[in-house]
Each structure stands twice: as structure tokens, then as C-alpha cells.
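# Coordinates in review
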Amino acid sequence: MSEASPAKAYALHLGVIALLFVLSFLLPDYYHGLLARIMVLAVFAMGYNMLFGYVGLLSLGHAMFFGAGLYGAGLAVIQLGWGVPLAFVSGIACGAVLALMIGLLALRTTGVAFMIVTMMFAQVFSLLILYFASWTGGDQGMVVPQPARVLSFGATVLDLTNPTVRYMSALALFSIVLLITLAIVRSRYGRVLVAIRENEERTKMLGYDTFSNKLIAVVISGTICAASGAAYALLFGYVGSSFASVQYSILPLLWVLLGGAATTLGPLIGTVFMYYVIDITSGYTSAYLLIVGIALILLVLFFPKGILGSIRQRWLGWLP
Amino acid sequence: MHFGPHLLLAALEGLVTSAVLALTALGLSLVFGVMRVVNVAHGEFFMLGAVLAWAITTAIGGHPALGFLAALVIAPLIVGAIALVAERLVLRRLNYNPEATIVATIGMLYIIQQLALTFYGPEARPVEPPFSYRILLPWFGYSGYKLSIIAASALILIASWLVLTRTRIGLIMRATQYDSETAQAFGIPVGRVYGGVFALGAMLAAIAAVLIVPISQAHYLMGQDPLLLSFIVVIIGGLGSLRGTVVAAVLIGMSDGIVSMFFSPTLAKIIATLLVAMVLVFRPQGLFGTASR
């Protein structure tokens, strides 16, 4: 990260957002819907990247933060009858509180133990969803009914099941999170996180409280992932336990690795790329897990920096 | 049935689980201990053992014992060979970097699972036990085959202990585990030891799977539960401690058997997983392990 003008970085990110906005009017229906979904999931990947890319903590339990947002929002709408804005806030709050609790416990461990502990907490979370099947619908999941997904501000009515509204909501969430991430990683705090990733002992010796800095990062990361989950429940109307399974902890890792860990736009690129690869190959074969597996191995073997990470290393040193 | 016999039955079932778990976890613990590699694909090697056992017994036919014995020998060898190739092609090139190997073994997990689904199919298929002798206890009859699983597992565990503590191979493995750089300097071919240990770990999982498959059926998703349980056993037992692994396996297997017979299995799993996570958080070296360096 060289000291280029911040204007350049912000211009690039605003350009990406503008491009996504323009695409909304150009894309055919199928890809329009797909891109809306990808943007929401890219937010999940950005949340994951916050911890994995910038702090260097490999978690295998982020599905529980996505799930906390998903169920926090979904249960609020379905079981409590709350409105969309309140449900969205409730989903985010669930994720933030859960992330704080998990962070306090899991950050006592490091390295491999951190990975296993987060995986186990996530396992407990998904088992709890199955155990309380009478409220959560167990492994069947729940469908959020269409009337519950309508927002009204006085005279304006926003129906989240309308494709255009859905796309713009997804884009709004994506843009906000992207700009927040950019601001965080460019800030003093972001530099401290990278310092912890590179050498925690040295950062400690420089007088930084690494535990509380990491804890804040876990909470930010968990909150972003929960926002993605809450948006998914409200925009796509399905709340299911499969989203809390180990597989959904591994997917953001894959997206981030592919796009480039510790780059702000990498998660988007990785998610787009992987979705299209799966979309194209699923026309030829149903063996999509095989593609995911081979992609993971080839990535760590030959391409550990990912797409954007390699571009940054070769040509564009100023990329955030 | 009265409470006493019920408890005895639960304990016997728990012991069978423990026996299989101890073997699977020993494989994971060896790989984790010697190579510092968290093998997320360990459960898939277990599954592969069971699926191959089905394929071999079906191909051979005749008396069930014949096919079973063939499976017990051939399936672990095939799984070991696959693991060795994976180790040479992938893990070695990653220089055993802990995080990269986790990602790579996750990749292996998906590849093996998908290949099993493609070539074996989504059905659960049974394997006939080699003999069907029932031991008559005063309260109920119990499968003689299940008791023989416990005996076989105990034999293999004792053999592993002898190899690890009394032979030159064991000495080399312990030296590599203790300090791989010094071992290398003393002329131990560390790369080959790593390859061997990874294959051995996979073979132990495959043996466990062949033993269990006559009472539980082969299925392409059957690797997930043993993976998580093995992680739990390895953590509770302490890294690289054979004694700890066995004690923890018995502890986990018995409590799983007894708790899930008297309470809801899901609740039992939730409590067990949470307890283990807490053990790892507050006592990272495990109950029997020594503090890591």
C-alpha cells in the first residue's frame, strides 16, 4: 500500500459502484437477479475479508454471523411481525452481540485452535437452529411472505420483491459497506490491524493492545456478515439452516482467496467470478463441489494472492 | 428393560463408538502432531474406506468373511496410496504452511466427496458382517461382531503404541515431531516421514471405517461426524498423546452413547461441542497434553 492520493482510491470505488448502477439497466432479467444476489453475498465476503485478509485470522465459523443476521431478521419478521427496517436492525444487532461473545472467547486462542474453536461455535449455532425447530423451521427453513417484505414511508411504498427495488437495495448495502471498509483499512486503525497480521509480538511491543484491536475487528467483521444475512432474508425471502452450515463458512474463504485477500474489491471480484464459473460449469456437469475443491487447491498452490492481489503486486501498487 | 441392563446396553454401544473413534482420532492426531497439518479431509478418508469396503465385498462375493477380510486389507492400502499422492502433489508443495494446508485439505474434502457421489451414488449401502454370532447375556442378546470391533481396535492401538515407543520408525517419527529441523540435520528424511505419516493417518481412518461399515452402512456424507468427533478427541486428549487420545475417545464415545440413549441426541451434541470448545478456549493444551512450545 504505497502513499498514493486517497482521491484515486475513492474514485476507483465510486466508479465500481457507478458501473454496478448502470449495469442494472443493461442486464437481462436472469443476470439482473443473479447480480443482486452476488452483491449481497459479496458483502458477506467483505466481512470475512476484514478478519481473514486484514488481521490474518482464519475463521471457519463465519456462517454463524451470516446466520445470526439471517435468523435475527427472519424471525423478527415472521414470528414477531416486525417491519422491515426494524428486522434489518435486529439482524445486525444479533450478529454484533454474537460476534462480541465469540470474539471474547475465541480470541484467547491463536492459529489452528482459533479455526477449530470458531468452527465448533458455528456447529453449536447450526445445531441450535435444528433443535429449536418449532420456531426456526428446522432444516426446512422458513419463507418470508411477500406482504411482510414491503417498506412504506408515508406515501412511498417499496416492495422488496420487485426486481428493481431489490437490485437497488442490494447495491445500496454493498456501496455503504464497501466505502466503510475502504475508510477502515485506510485509517490508522486499519494499519494497526495489518501490523498485527504481519507481526503480533512487535505490534504489542509498540504499545498497542492487540487483544482489544482484534476484538473490535471480530465485531466489525461479524456485524458486516450479519448485515449481509439480514439483507438476504429480507430481499430473497428465504431463511434456511443450510446457510449456517460449515459450507457457508468455507464459501466466503473461497471468494476472498480468489479475489485477493486484503484488497477491498477482491471479495466482489471473487464472488462474481466463482458464481459465474459455477453457473457456466453447471450447464455441463452437476459436479459443482469438484470445481470448488479444485479451485481451492489450485488457488493456494499457484495463486495465493488471488486476482486483485496479483494485479496489485505487479502493476497497481496503490490499490487499497 | 430395567435401568441397569439399559445402561449396560448404552455403555456397550458407547464402547463400540469409542473404539472406532480412537482409531480415527489417532490418525488425525499423528498427522497433526508430526506434521502440524490440520487435515480437514480426514473424515473423507474415513468415508472412502467404507465405500471401498462396500465395493470390494460386492466384487468378491462368496462367504461374507472372505470379502470383509479382503476389504480390511485392500481398502486401507488404496486410501493410503491416495493420501500419499495428495501429500506429494499438494501438501509438500505448500511447504506444510498451516493455513495453506487447511485450505488445501478443504479442497480435497470437496473433491473426494464429489467423486464419491459421482461414482458411488447418494444411496447408503450395507456391508454384510463377516459373522453373525449373538452373545446371549441374561437380559438381552448382543452382537458378537460389535464386541470384536472393540477387540480389533484395542489390538491396533496396542500395536501402534509398540511401534511408536519401541521401534526405530517410532523413534524417527517422534524425533520429527519434536524438532523437524534438527531431525533433518541428523539425516532423517523428513519429507518421506511426512509422506508416510499422512498415509498412515489416512489408513487408520480407513481401517476404522471398514470395521464400522457392517453395522452402519456406507454413505458419501458419512465423513462429517467422525471428523468433528475426532477433532474433539484430539483436542481433549492433547496433541500427540496416544494415552490422551484413547482416554478421550472412551470418554466421548461412552458419554455420546449414554447421553443420546437417555436424552435428545441433538441436545447431547450441542452440550458436548460447547464443552469441548470451552476446553479449547481455557485449556488449549488439552486435558492430558503438555503446554505447546
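Residues numbered from 1 in each chain as written. Chains lettered and ligands numbered in written order. Predicted model: local features only at pLDDT ≥ 70, side-chain atom pairs only at ≥ 80, totals over all residues. Heavy atoms only, no water.

Chain B is annotated in an unreviewed UniProt entry as Branched-chain amino acid ABC transporter permease of Mesorhizobium loti R88b. Of the comments in the UniProt record for chain B, the one headed Sequence similarities (unreviewed entry) reads "Belongs to the binding-protein-dependent transport system permease family. LivHM subfamily." Quoted verbatim from the Subcellular location (unreviewed entry) field of the UniProt record, the comment on chain B reads "Cell membrane". (UniProt positions renumbered as here; feature names shortened; annotations may be inferred.)

Per an unreviewed UniProt entry, chain A carries the name Branched-chain amino acid ABC transporter permease and comes from Mesorhizobium loti R88b. Reading the Subcellular location (unreviewed entry) entry of the UniProt record for chain A gives the comment "Cell membrane".

In this section: the overall build of chain A. Helix and strand content of chain A: 14 helices and 4 strands. The buried share among the 320 residues of chain A stands at 54%. When the accessible surface of chain A is totalled, it reaches about 13000 Å², and 68% of it is carbon and sulfur. Looking at charge distribution, chain A has the averaged site of its 15 positive side-chain charges lying 8 Å from that of its 9 negative ones. (Helix = DSSP H or I, 4+ residues; strand = E, 2+ residues; numbered from the N terminus. Buried < 20%, exposed > 50% of the residue type's maximum accessible area, 1.4 Å probe, protein only. Areas by Shrake-Rupley, 256 points an atom, 1.4 Å probe, with all protein chains shown as cover. Lys, Arg positive; Asp, Glu negative; His and termini not counted. Charge placed at Lys NZ, Arg CZ, Asp CG, Glu CD.)

Now for a nonpolar patch on the surface. Residue and element names in this part refer to chain B. A contiguous nonpolar surface patch, about 490 Å² in accessible area, is contributed by Phe 3, Leu 7, Met 261, Phe 262 and Phe 263. Listed by contribution, the elements that provide at least two residues to the nonpolar patch are α1 (3–35) and α10 (242–262). Topologically, Phe 263 is positioned in the loop between α10 and α11 (265–282). (Patch = residues over 30% accessible without salt bridge, like charges linked within 9 Å, V, L, I, M, F, W, Y side chains within 5 Å. Salt bridge = Lys/Arg side-chain N within 4 Å of Asp/Glu carboxyl O.)

Residue-level contacts link 36 residues of chain B with 36 residues of chain A. Roughly 3300 Å² of surface becomes buried between chain B and chain A when both sides are summed, with 86% attributable to carbon and sulfur atoms. The tally of links from chain B across to chain A stands at 0 salt bridges. The interface formed by chain B and chain A includes 1 residue pair in polar contact (both at pLDDT 80 or more). Counting residues per element, the ones that place at least two in the side of chain B that touches chain A are α3 (64–91), α4 (98–120), α9 (224–237) and α11 of chain B. Of the residues forming the side of chain B that touches chain A, the biggest block, 13 residues, is contributed by α4(B). Looking at side-chain class alone, the side of chain B that touches chain A contains 27 nonpolar, 6 polar and 3 charged residues. (Contact = heavy atoms within 4.5 Å. Buried area = accessible area lost by both parts, 1.4 Å probe. Polar contact = N/O pair within 3.5 Å; in protein donor to acceptor, adjacent residues only side chain to side chain. Nonpolar A, V, L, I, M, F, W, Y, C, P; charged D, E, K, R; others polar.)

As a further point, take the nonpolar core. One finds A:Leu20, A:Phe174, A:Leu296, B:Met35 and B:Ile106 to be the most contacted residues of the largest nonpolar core, which totals 205 residues. If we ignore the near neighbours within four places in the chain, the residues touching B:Met35 are B:Leu30, B:Glu87, B:Tyr96, B:Tyr194, B:Val197 and B:Phe198. (Core = buried A, V, L, I, M, F, W, Y, C linked by side-chain atoms within 4.5 Å.)

A word on the state of the cysteines. All chains considered together, the criterion is met by 0 disulfides over all chains. For A:Cys94, which is in no disulfide, the shortest distance to another cysteine sulfur is to A:Cys225 and amounts to 14 Å. (Disulfide = S-S within 2.5 Å.)

We note that A:Ala262 has phi near 65°; this positive angle belongs to a residue other than glycine. Counting through the fold element by element, A:Ala262 comes out in the loop between α11 (247–259) and α12 (266–281). Residue A:Ala262 is classed as buried on the basis of its relative accessible area of 8%. A positive phi angle is found at B:Tyr96, which is not glycine, with a value near 60°. By relative accessible area, B:Tyr96 is classed as buried at 13%.

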